[in-house]
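Residue-level listing of the chains:
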Amino acid sequence: MVVFAGQGDPRRSLSLLWRADAPPPTRGGPGPKPRLSVDAIVAAAVALADEEGMAALSMRAVGDRLGRTAMALYTYVPGKSELLDLMYDAVHAELPTAYPESDSGDWRAALTAWAGEVLEFHVRHPWVLQVSQARPVLGPHEYAGLDTLVTLLRATGLPAGVVRRLVGTLFPFVRGSAQAVADARLAAAATGSSDEEWWAARSAALLELVPDFAERFPAVSGLEAEGPVEPYPVEGAEPVPYPEREARETFRVGLGVLLDGIEAARVGRT
């Protein structure tokens with residue numbers, strides 16, 4: 001399910017994102033109910049999406065978490081569209097805005113650290129991957145993340161026009177890698193069968209139904225014949241299932257090739 005940001009009233013959404021207007025007054029009432037606020041509503045919505053996914057998100061469900069009705073929330077957040085924008089921007093506050101590696105001029109190490117942080121961020125909040133990048137939220141934390149990446153890329157010495165395109169290359173690459181990791185984690189629960197069961201059943205059927213597979217697809221079969229790619233060893237790391245391990249190794253190798261390309265572009269300009 002793809003969700004598009006920025007579907008609410010433009011001024012109200014941006015006012016909430018940037019906290020440009022004073023918060024509405026809290027309405028009194030019987031009982032020791034906690035004070036409502038935009039931040040409390042957003043925090044509850046993020047927790048809901050993290051635990052149950054985007055499909056579970058509704059104003060009523062968020063209200064239930066806070067012990068309030070959906071109507072009580074509308075005083076602070078006009079609707080689900082505005083809430084989604086606020087959630088998306090709020091979680092981006094988790095991302096670092098500075099990397100020590102850049103202080104020593106090691107742009108490659110800094111970009112590697114940035115990519116790793118962004119990957120793990122999306123794995124923690126897989127619902128963020130459902131928010132389309134076609135239309136940005138335009139919130140302060142989203143801009144801070146963009147500003148951080150541009151700063152790291154400007155350290156390469158490449159011109160602004162190239163940096164702009166590298167932003168458009170690196171960010172989708174990391175998001176795509178995170179999607180592969182997130183899907184690998186969700187597949188078993190969503191389908192009711194483990195990766196081992198799924199592959200065992202289909203591999204046997206494929207070999208039976210397509211006995212000339214190797215002749216029909218020689219390039220793919222050639223890769224398999226050369227043996228599996230050994231995972232990059234990470235000291236102290238917990239073992240992970242094969243699909244996630246493959247996704248993470250693909251991310252590591254692909255990022256290295258992209259950074260090699262940036263280095264080649266830098267050398268080409270000197």
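The preceding data block contains the structure.
For the structure given in this document, a descriptive report is provided here. All residue numbers refer to position in the chain's written sequence, counted from 1. It should be noted that, the model being predicted, local features are given only for residues of pLDDT at least 70 and side-chain atom pairs only at 80 or more, the latter also being counted only at that level, while totals for whole chains, interfaces and linings use all residues. Note that the side-chain values use all heavy atoms of the structure and ignore hydrogens as well as water.

### Some details on the overall build of the chain
Logical step 1: The way it works is that DSSP assigns letters per residue, a run of H or I at least four long becomes a helix, a run of E at least two long becomes a strand, and they are numbered from the N terminus. A tally of helices and strands in the chain yields 13 helices and zero strands.
Logical step 2: Expressed along its principal axes, the backbone C-alpha trace of the chain runs to roughly 75 × 55 × 35 Å.
Logical step 3: A 1.4 Å probe rolled over the protein chains alone gives each residue an accessible area, and that area as a share of the maximum for its type sets the label: buried under 20%, exposed over 50%, partly exposed in between. Classification of the 270 residues of the chain by burial places 34% in the buried group.
Logical step 4: Every residue pair with non-hydrogen atoms within 4.5 Å of one another is taken to be in contact. Sequence-distant contacts in the chain: of pairs separated by 6 or more residues, those separated by 24 or more amount to 74%.
Logical step 5: Note on areas: Shrake-Rupley with a 1.4 Å probe; residue coverage comes only from the protein chains shown. For the chain, the accessible surface area stands at approximately 15,900 Å², while carbon and sulfur atoms represent 59% of it.
Logical step 6: Counted as positive: Lys and Arg. Counted as negative: Asp and Glu. His and the chain ends are not counted at all. The atoms used to mark charge sites are NZ of Lys, CZ of Arg, CG of Asp and CD of Glu. Looking at the chain, you have 25 positive and 35 negative side-chain charges, and the mean spots of the two groups are 11 Å apart.

### A closer look at unusual backbone geometry
Most peptide bonds adopt trans geometry, and most residues besides glycine take a negative phi value.
Logical step 1: Positive phi is not limited to glycine here, since Arg-19 has a value of about 50 degrees.
Logical step 2: By the secondary structure assignment, Arg-19 is in the loop between helix H1 (10–17) and helix H2 (38–52).
Logical step 3: If you check the backbone angles, Leu-138 has positive phi at about 70 degrees while not being a glycine.
Logical step 4: Inspection of the secondary structure puts Leu-138 in the loop between helix H7 (107–124) and helix H8 (140–154).
Logical step 5: We classify Leu-138 as partly exposed; its relative accessible area is 32%.

### With respect to the nonpolar core
Logical step 1: To form a nonpolar core, buried Ala, Val, Leu, Ile, Met, Phe, Trp, Tyr and Cys residues must be joined to one another through side-chain atoms within 4.5 Å. In terms of nonpolar packing, the biggest core is built from 64 residues, with Val-62, Leu-83 and Trp-114 touching the most fellow members.
Logical step 2: It is helix H9 (residues 160–191) that provides the largest number of residues to this core, a total of 10 residues.
Logical step 3: In this structure Trp-114 touches Tyr-99, Leu-149, Leu-152, Leu-170, Phe-171 and Val-174, once residues within four positions along its chain are discounted.

### Concerning helix H5 (residues 80–91)
Logical step 1: For H5, which comprises 12 residues, the first-to-last C-alpha distance of 16 Å matches the rise-based estimate of 16 Å (1.5 Å per residue) to within 8%.
Logical step 2: Burial within H5 is extensive, with nine of its 12 residues counted as buried.
Logical step 3: Contacts from the buried residues of H5 go to H1, H2, helix H3 (59–66), H7, H8 and H9. An expected span of 1.5 Å times one less than the residue number is assigned to each helix.

### As for the pattern of salt bridges
Logical step 1: The working definition used for a salt bridge is a side-chain nitrogen of Lys or Arg within 4 Å of a carboxyl oxygen of Asp or Glu. This model, assessed by the stated rule, comprises 10 salt bridges.
Logical step 2: Glu-52 is paired through a salt bridge with Arg-65; the nearest N and O atoms lie 3.8 Å apart. Residue Glu-52 is located in helix H2, and its partner Arg-65 is located in helix H3; the two are separated by 13 residues in the primary sequence.
Logical step 3: Its relative accessible area of 35% is what places Arg-65 among the partly exposed residues.

### Considerations on the packing of aromatic side chains
Logical step 1: The pairing test for Phe, Tyr and Trp rings, Trp by its six-membered ring, is centres within 6.5 Å, and the orientation test on the planes gives stacked under 30 degrees, edge-to-face over 60, and tilted for anything in between. Summed over all chains, the structure comprises four aromatic pairs.
Logical step 2: Both rings, one in Phe-173 and one in Phe-251, keep their centres 5.8 Å apart while their planes meet at 15 degrees; by these two values the pair is stacked. Here Phe-251 lies in helix H13 (residues 242–268) and Phe-173 lies in helix H9, a separation of 78 residues in the sequence. Both residues of the pair, Phe-173 and Phe-251, belong to the buried class.

### With respect to the packing of H7 against H9
Logical step 1: The contact between H7 and H9 brings their axes to 9 Å, and the two run at 40 degrees. Comparing their axes, H9 and H7 come out oblique. Here the hand of the crossing between H7 and H9 comes out right-handed. Across the interface between the two elements, Leu-111, Trp-114, Ala-115, Val-118, Leu-119, His-122 and Val-123 from H7 touch Leu-170, Phe-171, Val-174, Arg-175, Ser-177, Ala-178, Val-181 and Arg-185 from H9.
Logical step 2: For this classification, Asp, Glu, Lys and Arg are treated as charged, while Ala, Val, Leu, Ile, Met, Phe, Trp, Tyr, Cys and Pro are nonpolar and the rest, including Gly, are polar. Considered class by class, the residues forming the contact of H7 with H9 number 11 nonpolar, two polar and two charged. An axis is simply a line fitted to the C-alpha atoms; with a helix, the fit covers only the stretch in contact. Between two such axes, the angle follows the N-to-C directions and lies from 0 to 180 degrees. Between 65 and 115 degrees an angle is taken as roughly perpendicular, under 35 as roughly parallel, over 145 as roughly antiparallel, and anywhere else as oblique. Working rule for handedness: look at the near helix, and if it is turned counterclockwise from the far one by less than a right angle, call the crossing left-handed; if clockwise, right-handed.

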